[in-house]
Amino acid sequence: MSGGGEKGSATTKTPADFLKSIRGRPVVVKLNSGVDYRGILACLDGYMNIAMEQTEEYVNGQLKNKYGDAFIRGNNVLDISTSKRTLADGAWRRSCYVMWHGGVL
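Cut-offs applied
Residues numbered from 1 in each chain as written. Predicted model: local features only at pLDDT ≥ 70, side-chain atom pairs only at ≥ 80, totals over all residues. Heavy atoms only, no water. Helix = DSSP H or I, 4+ residues; strand = E, 2+ residues; numbered from the N terminus. Buried < 20%, exposed > 50% of the residue type's maximum accessible area, 1.4 Å probe, protein only. Contact = heavy atoms within 4.5 Å. Salt bridge = Lys/Arg side-chain N within 4 Å of Asp/Glu carboxyl O. Phe/Tyr/Trp six-rings, centres within 6.5 Å; stacked < 30°, edge-to-face > 60°. Lys NZ or Arg CZ within 6 Å of the ring centre and 35° of its normal. Core = buried A, V, L, I, M, F, W, Y, C linked by side-chain atoms within 4.5 Å.

Identification of the protein as Sm-like protein LSM36B isoform X1 from Rhodamnia argentea is taken from an unreviewed UniProt entry.

The structure is reproduced here in structure tokens:
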């Protein structure tokens, strides 16, 4: 390995960068239990505690409840994803799988 540095390091995004970029956007939060919450990501902290607005709860793909605001404890979170739509490329999904060790972000 010759020491030229990592390719593409200028465009490499960390999970923290992804999470910062999706604040205020529609997200799907999947829990360890299999329940999904869909809504607007209001904020989150280093322990992955999440505050959402306009939240809908889905169980087995079916809408079960609607909440104005919701707070999700971070140790229950399995995955956070968001959809971005543009005219050029249609819809695409970007997921961020986060493994937490001591709440480091």
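Still more to cover.
Enquirer: Lay out the overall build of the protein with the relevant residues and their values.
Expert: When its secondary structure is counted, the protein shows one helix and six strands. Put simply, the protein runs from its N terminus to its C terminus through helices and strands in the order α-β-β-β-β-β-β. Residue burial in the protein is summarised as follows: out of 105 residues, 31% are buried. Counting contacts in the protein only where the partners sit at least 6 residues apart, residues at least 24 apart contribute 39% of the total.

Enquirer: Now, about the pattern of salt bridges: what can you tell me, with residues and values included?
Expert: Scanning all chains against the criterion turns up one salt bridge. Between K66 and E56 there is a salt bridge, with the nearest N and O atoms lying 3.9 Å from each other. Of this pair, K66 sits in strand 4 (residues 62-72) while E56 sits in strand 3 (residues 50-59), and the two are ten residues apart along the sequence. Here K66 falls in the exposed class, since its relative accessible area comes to 60%.

Enquirer: Tell me about unusual backbone geometry, and please be specific about residues and values.
Expert: One non-glycine residue with positive phi stands out, namely Q54, at about 50°. Position of Q54 among the secondary structure elements: in strand 3. By relative accessible area, which is 60% here, Q54 ends up exposed. One non-glycine residue with positive phi stands out, namely N60, at about 50°. Counting through the fold element by element, N60 comes out in the loop between strand 3 and strand 4. Accessibility expressed as a relative area gives 74% for N60, which makes it exposed.

Enquirer: Give a detailed account of the packing of aromatic side chains, specifying residues and quantitative values.
Expert: Following the criterion strictly, the structure yields zero aromatic pairs and no others. For the cation-ring pair, R38 lies above Y58, with the distance from its terminal atom to the ring centre recorded as 3.9 Å.

Enquirer: Break down the environment of K30 for me, citing the residues and quoting the values.
Expert: Tracing the chain through its elements places K30 in strand 1 (residues 26-31). As a C-alpha pair, K30 and V77 span 47 residues in sequence and 6.1 Å in three-dimensional space.

Enquirer: A description of the nonpolar core should follow, citing residues and the corresponding values.
Expert: Most often, soluble globular proteins keep nonpolar side chains buried together rather than apart. Counting residues in hydrophobic clusters, the biggest one holds 16 residues, and the most contacted among them are V29, I50, I72, V77 and I80. If you list the elements that add at least two residues to this core, you get helix 1 (15-21), strand 1, strand 2 (36-44), strand 3 and strand 5 (77-86).

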